[in-house]
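Breakdown of the fold
Spelled out from the first residue to the last, the chains are:
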Amino acid sequence: MSESSDNASSAAHPASGNGPRLLMVAGESSGDLHAASLIDALRRRAPSTQVCGVGGDRMASAGMDLLYQRRPALRLALDEEEETLIRDHMEWQQQLVPVEWIDGAAVRHIEPRL
(Lines give C-alpha, C1' and ligand atoms only; values in the text may rest on other atoms or scores of the structure.)
Protein backbone atom coordinates (compact mmCIF):
# COMPACT_ATOMS: atom_id res chain seq x y z
CA MET A 1 0.00 0.00 0.00
CA SER A 2 1.45 3.32 -0.95
CA GLU A 3 1.16 6.44 1.15
CA SER A 4 -0.68 8.25 -1.61
CA SER A 5 -3.89 10.17 -1.25
CA ASP A 6 -6.05 7.20 -2.38
CA ASN A 7 -6.38 6.24 1.28
CA ALA A 8 -7.66 9.65 2.36
CA SER A 9 -11.23 8.64 1.58
CA SER A 10 -11.12 5.99 4.29
CA ALA A 11 -10.23 8.43 7.08
CA ALA A 12 -13.61 8.62 8.81
CA HIS A 13 -16.13 5.83 9.08
CA PRO A 14 -19.07 6.18 11.45
CA ALA A 15 -19.76 2.97 13.32
CA SER A 16 -23.25 1.77 12.59
CA GLY A 17 -23.35 -0.79 15.38
CA ASN A 18 -24.76 -3.42 13.01
CA GLY A 19 -21.64 -4.71 11.26
CA PRO A 20 -18.92 -7.13 12.27
CA ARG A 21 -16.56 -5.95 15.03
CA LEU A 22 -12.83 -6.60 14.80
CA LEU A 23 -9.95 -6.06 17.19
CA MET A 24 -6.55 -5.47 15.55
CA VAL A 25 -3.11 -5.02 17.09
CA ALA A 26 0.06 -3.81 15.36
CA GLY A 27 3.20 -3.12 17.35
CA GLU A 28 5.50 -1.71 14.71
CA SER A 29 5.49 0.30 11.47
CA SER A 30 5.16 -2.50 8.93
CA GLY A 31 2.25 -4.00 10.89
CA ASP A 32 0.60 -0.59 10.97
CA LEU A 33 1.04 -0.26 7.20
CA HIS A 34 -0.33 -3.75 6.36
CA ALA A 35 -3.20 -3.51 8.85
CA ALA A 36 -4.23 -0.12 7.44
CA SER A 37 -4.40 -1.70 3.99
CA LEU A 38 -6.55 -4.53 5.36
CA ILE A 39 -8.86 -2.09 7.18
CA ASP A 40 -9.28 -0.07 3.99
CA ALA A 41 -10.13 -3.22 1.99
CA LEU A 42 -12.58 -4.41 4.68
CA ARG A 43 -14.33 -1.03 4.66
CA ARG A 44 -14.77 -1.18 0.89
CA ARG A 45 -16.32 -4.67 1.04
CA ALA A 46 -18.26 -4.26 4.31
CA PRO A 47 -18.69 -0.56 5.17
CA SER A 48 -20.42 -1.27 8.49
CA THR A 49 -17.36 -3.15 9.83
CA GLN A 50 -16.21 -1.70 13.16
CA VAL A 51 -12.48 -1.90 13.84
CA CYS A 52 -10.75 -1.02 17.10
CA GLY A 53 -7.42 -1.89 18.59
CA VAL A 54 -3.81 -0.90 19.12
CA GLY A 55 -1.84 0.56 16.27
CA GLY A 56 -0.42 3.64 14.70
CA ASP A 57 -1.38 6.63 12.62
CA ARG A 58 -1.97 4.65 9.41
CA MET A 59 -4.50 2.35 11.08
CA ALA A 60 -6.26 5.34 12.64
CA SER A 61 -6.36 7.09 9.25
CA ALA A 62 -7.92 3.96 7.74
CA GLY A 63 -10.75 4.26 10.25
CA MET A 64 -9.68 2.19 13.26
CA ASP A 65 -10.74 3.44 16.70
CA LEU A 66 -7.50 3.47 18.68
CA LEU A 67 -7.91 1.96 22.14
CA TYR A 68 -4.32 2.85 22.98
CA GLN A 69 -1.87 5.20 21.31
CA ARG A 70 1.87 4.80 21.58
CA ARG A 71 2.27 8.54 22.05
CA PRO A 72 0.89 10.96 24.61
CA ALA A 73 -2.67 11.98 23.87
CA LEU A 74 -5.35 14.27 25.20
CA ARG A 75 -8.91 13.05 24.65
CA LEU A 76 -11.77 15.40 25.33
CA ALA A 77 -15.23 14.41 26.47
CA LEU A 78 -17.77 16.85 25.06
CA ASP A 79 -20.83 15.09 26.45
CA GLU A 80 -21.75 12.40 28.99
CA GLU A 81 -21.65 9.58 26.41
CA GLU A 82 -18.06 10.47 25.44
CA GLU A 83 -17.09 10.78 29.12
CA THR A 84 -18.40 7.27 29.77
CA LEU A 85 -16.53 5.88 26.76
CA ILE A 86 -13.26 7.55 27.76
CA ARG A 87 -13.56 6.44 31.38
CA ASP A 88 -14.24 2.86 30.24
CA HIS A 89 -11.11 2.96 28.06
CA MET A 90 -9.11 4.45 30.94
CA GLU A 91 -10.10 1.59 33.22
CA TRP A 92 -8.67 -0.91 30.73
CA GLN A 93 -5.61 1.20 29.86
CA GLN A 94 -4.62 1.79 33.52
CA GLN A 95 -3.69 -1.88 33.71
CA LEU A 96 -0.99 -1.25 31.08
CA VAL A 97 0.06 2.42 31.11
CA PRO A 98 -0.28 5.45 33.36
CA VAL A 99 -3.40 7.50 32.50
CA GLU A 100 -5.21 10.22 34.40
CA TRP A 101 -8.50 12.12 34.25
CA ILE A 102 -8.01 15.88 34.35
CA ASP A 103 -10.49 18.74 34.66
CA GLY A 104 -11.14 21.61 32.25
CA ALA A 105 -8.65 23.97 33.90
CA ALA A 106 -5.84 21.41 33.52
CA VAL A 107 -6.81 20.80 29.88
CA ARG A 108 -6.64 24.54 29.12
CA HIS A 109 -3.23 24.69 30.80
CA ILE A 110 -1.95 21.91 28.50
CA GLU A 111 -3.73 23.24 25.40
CA PRO A 112 -4.67 26.92 25.83
CA ARG A 113 -6.41 27.09 22.42
CA LEU A 114 -9.28 24.94 23.74
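Quick caveat: nothing in here was measured; it's all calculated off a predicted structure.

**Looking at a nonpolar patch on the surface**
Taken together, the side chains of L74, L76, L78, I110 and L114 define a hydrophobic patch exposed on the protein surface, amounting to about 500 Å² of accessible area. Residue position: I110 is located in helix α4 (residues 104-110).

**Regarding the sheet that holds strand β3 (residues 65-68)**
Read across the open sheet, the 3 strands follow the order β1-β2-β3; overall the sheet is parallel. With partners counted over all chains shown, the strands left at the sheet margins are β1 (21-25) and β3, one partner each. Strand-to-strand twist of the sheet, defined as the mean angle between neighbouring strand axes without regard to direction, takes the value 25 degrees. Pairing analysis gives 5 bridges linking β1 to strand β2 (residues 50-54), with the strands arranged parallel. Note that in β2 the partner of L23 across the bridge is C52. Along the sheet, helix α1 (residues 29-45) makes contact with β1 and β2, crossing β1 at roughly 165 degrees. The sheet contacts of helix α3 (residues 80-93) involve β2 and β3, and relative to β3 the element is tilted by about 40 degrees.

**Description of the pattern of salt bridges**
Opposite charge on two side chains permits them to pair, given that their charged atoms come into close proximity. Applying the stated criterion across every chain yields a total of 3 salt bridges. Among the salt bridges present, the one from R44 reaches D40, with a minimum N-O distance of 2.8 Å. Pair noted here: R44 and D40 are both in helix α1, with a separation of 4 residues, about one helical turn. When its relative accessible area of 60% is taken as the criterion, R44 is described as exposed. A relative accessible area of 9% places D40 in the buried class. The salt bridge partner of R113 is E111, with a shortest N-O separation of 2.6 Å. Overall, R113 belongs to the exposed group, its relative accessible area being 74%. Residue E111 is classed as partly exposed on the basis of its relative accessible area, which comes to 22%.

**Examining the nonpolar core**
In this structure, M24, A26, A35, A36, I39, V51, M59, A62, M64 and L66 together form the largest nonpolar core, which totals 10 residues. Tallying contributions element by element places α1 first for this core, with 3 residues.

**Observations concerning the confidence of the model for the protein**
This prediction gives the protein a mean pLDDT of 80; 82% of its residues lie at or above 70. Counting interchain partners and residues more than four positions distant, the pLDDT-below-50 stretch residues 1-16 has 19 contacts.

**Section: a negative patch on the surface**
A cluster of like negative charges, contributed by D79, E80, E81 and E82, occupies part of the molecular surface. With respect to the helices and strands, E82 occurs in helix α3. For E82, a relative accessible area of 32% gives the class partly exposed.

**Details of the pairing of β2**
For β2, the tally of buried residues reaches 4 of 5 residues, placing the bulk of the element in the interior. Assessed by its sense of winding, the connection that carries the chain from β1 through α1 to β2 is right-handed. Note that β2 and β3 share 3 bridges and pair parallel. If you follow G53 over to β3, its bridge partner there is L66.

Definitions and cut-offs
Residues numbered from 1 in each chain as written. Predicted model: local features only at pLDDT ≥ 70, side-chain atom pairs only at ≥ 80, totals over all residues. Heavy atoms only, no water. Patch = residues over 30% accessible without salt bridge, like charges linked within 9 Å, V, L, I, M, F, W, Y side chains within 5 Å. Areas by Shrake-Rupley, 256 points an atom, 1.4 Å probe, with all protein chains shown as cover. Salt bridge = Lys/Arg side-chain N within 4 Å of Asp/Glu carboxyl O. Helix = DSSP H or I, 4+ residues; strand = E, 2+ residues; numbered from the N terminus. Pairing = 2+ DSSP bridges. Axes fitted to C-alpha atoms, helices over the stretch in contact; angles between N-to-C directions. Contact = heavy atoms within 4.5 Å. Buried < 20%, exposed > 50% of the residue type's maximum accessible area, 1.4 Å probe, protein only. Core = buried A, V, L, I, M, F, W, Y, C linked by side-chain atoms within 4.5 Å. pLDDT = per-residue confidence, 0-100. Lys, Arg positive; Asp, Glu negative; His and termini not counted. Charge placed at Lys NZ, Arg CZ, Asp CG, Glu CD. Right-handed = clockwise from strand over helix to strand, strands pointing away.

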